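# Survey of secondary and tertiary structure
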Amino acid sequence: MLTIESIQQVLEPLFPGLMGVRIVELSPERVVAELVVRPDLCTTGGILHGGAYMAFADTLGGVGTMLNMPEGRRTTTTDSSTKFIRAAPVGTTVIGECVALHRGRTTMVWQTLIRSAEGKLCAVVTQTQLVLDA
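Below is a summary of the structure that appears in this document. Within any chain, residue numbers begin from 1 and follow the written order of that chain's sequence. Given that the model is predicted, a residue must reach a pLDDT of at least 70 before its local features are reported, and side-chain atom pairs must reach 80 or more before they are shown or counted; all residues, however, enter totals for whole chains, interfaces and linings. By convention in this description, side-chain values take in all heavy atoms of the structure and omit both hydrogens and water.

### Details of the nonpolar core
In plain terms, the rule: We define a nonpolar core as any set of buried Ala, Val, Leu, Ile, Met, Phe, Trp, Tyr and Cys residues linked to one another through side-chain atoms lying within 4.5 Å. The rule is simple: take the accessible area with a 1.4 Å probe, protein chains only, and divide by the maximum for that residue type; under 20% is buried, over 50% is exposed, in between is partly exposed. Comment: elements are numbered from the N terminus, with helices defined as DSSP H or I runs of at least four residues and strands as E runs of at least two.
Grouped together as the largest cluster of nonpolar side chains are 30 residues, with contacts concentrated most on M19, I23, L48, F56, V94 and I114. Those elements that place two or more of their residues in this core are helix 1 (4–11), strand 2 (30–36), helix 3 (50–68), strand 6 (93–103), strand 7 (107–116) and strand 8 (121–133). Broken down by element, the residue count for this core peaks at seven residues, all from helix 3.

This is the structure in structure tokens:
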């Protein structure tokens, strides 16, 4: 069984680990994580880069898919759509809540709401994950 600790251990040496993604809740229907907005994740003006929002959400959708796949399978993102709502300034923390919209045998669709620590919506990301043979 996958746990927060085992998932975090997988993410640590990878890009999500470099970003500082920290999983805080985990279930087959929902993944929640935090990300501290550091200067190296920002664009000009000291706000979280759009690509960082997308990579954060993509990580959560991938983790959610991993929790629902049969052993011996792997996943990849086939499409992703991001709506940017509000800036997240350097020094703040964003929270991503990723929920399953569809959990099929070969595809899964996830939607991630990224909010400030105060609960203000910063971005909405919807993505499709393809489940593949390993």
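### Some remarks on the pattern of salt bridges
Just so we agree on the cut-off: Basic side-chain nitrogens of Lys or Arg form a salt bridge, by our definition, when they fall within 4 Å of a carboxyl oxygen of Asp or Glu.
Enumeration according to the criterion identifies six salt bridges in this entry. Ionic pairing is found between E25 and R30, a salt bridge with its closest N-O pair at 2.5 Å. Judged by relative accessible area, which is 37%, E25 ranks as partly exposed. For R30, a relative accessible area of 30% corresponds to the partly exposed category. In this structure, the salt-bridge partner of R73 is D133, at a minimum N-O distance of 3.1 Å. Placement of the pair is R73 in strand 5 (residues 73–84) and D133 in strand 8, with a sequence separation of 60 residues. According to the relative accessible area criterion, R73 is partly exposed, its value standing at 27%. Taken together, the shared-partner salt bridges in this structure form one network comprising E25, R30 and E97.

### Side note on the layout of surface pockets
Using the following cut-off: Each cavity reported here is a set of points on a 1 Å grid over the protein atoms alone in which a 1.4 Å probe fits but cannot get out, each pocket an open set with protein on both sides within 12 Å along at least five of seven lines, and each lining residue one with an atom within 4 Å of a point. Grid points are joined across faces, edges and corners, and a volume is the space filled by probe spheres set on the points. Residues are grouped as follows: nonpolar covers Ala, Val, Leu, Ile, Met, Phe, Trp, Tyr, Cys and Pro; charged covers Asp, Glu, Lys and Arg; every other residue, Gly included, is treated as polar.
Taken as a whole, the largest pocket encloses approximately 200 Å³ of empty space. Lining the largest pocket are V10, L11, L14, P16, D58, T59, G62, V63, M66, T75, T77 and Q129. In terms of residue count, the dominant contributor to the lining of the largest pocket is helix 3 (five residues). Here the residues of the lining of the largest pocket sort into six nonpolar, five polar and one charged.

### Focus on the sheet that holds strand 8
Heads up, the condition is: For two strands to pair, DSSP has to find at least two bridges joining them. Throughout, an axis means a line fitted to C-alpha atoms (over the contacting stretch in the case of helices), and angles, computed between N-to-C directions, take values from 0 to 180 degrees. Two residues form a contact once any of their heavy atoms are found within 4.5 Å.
Strand order in the open sheet formed by six strands is 1-2-6-7-8-5, with antiparallel pairing between adjacent strands. Edge positions in the sheet fall to strand 1 (22–27) and strand 5, since each of these pairs with one other strand and no more. Ignoring which end each strand starts from, the neighbouring axes of this sheet average 20 degrees apart. Packed on one face of the sheet, helix 3 meets strand 1, strand 2, strand 5, strand 6, strand 7 and strand 8 and runs near 45 degrees to strand 8.

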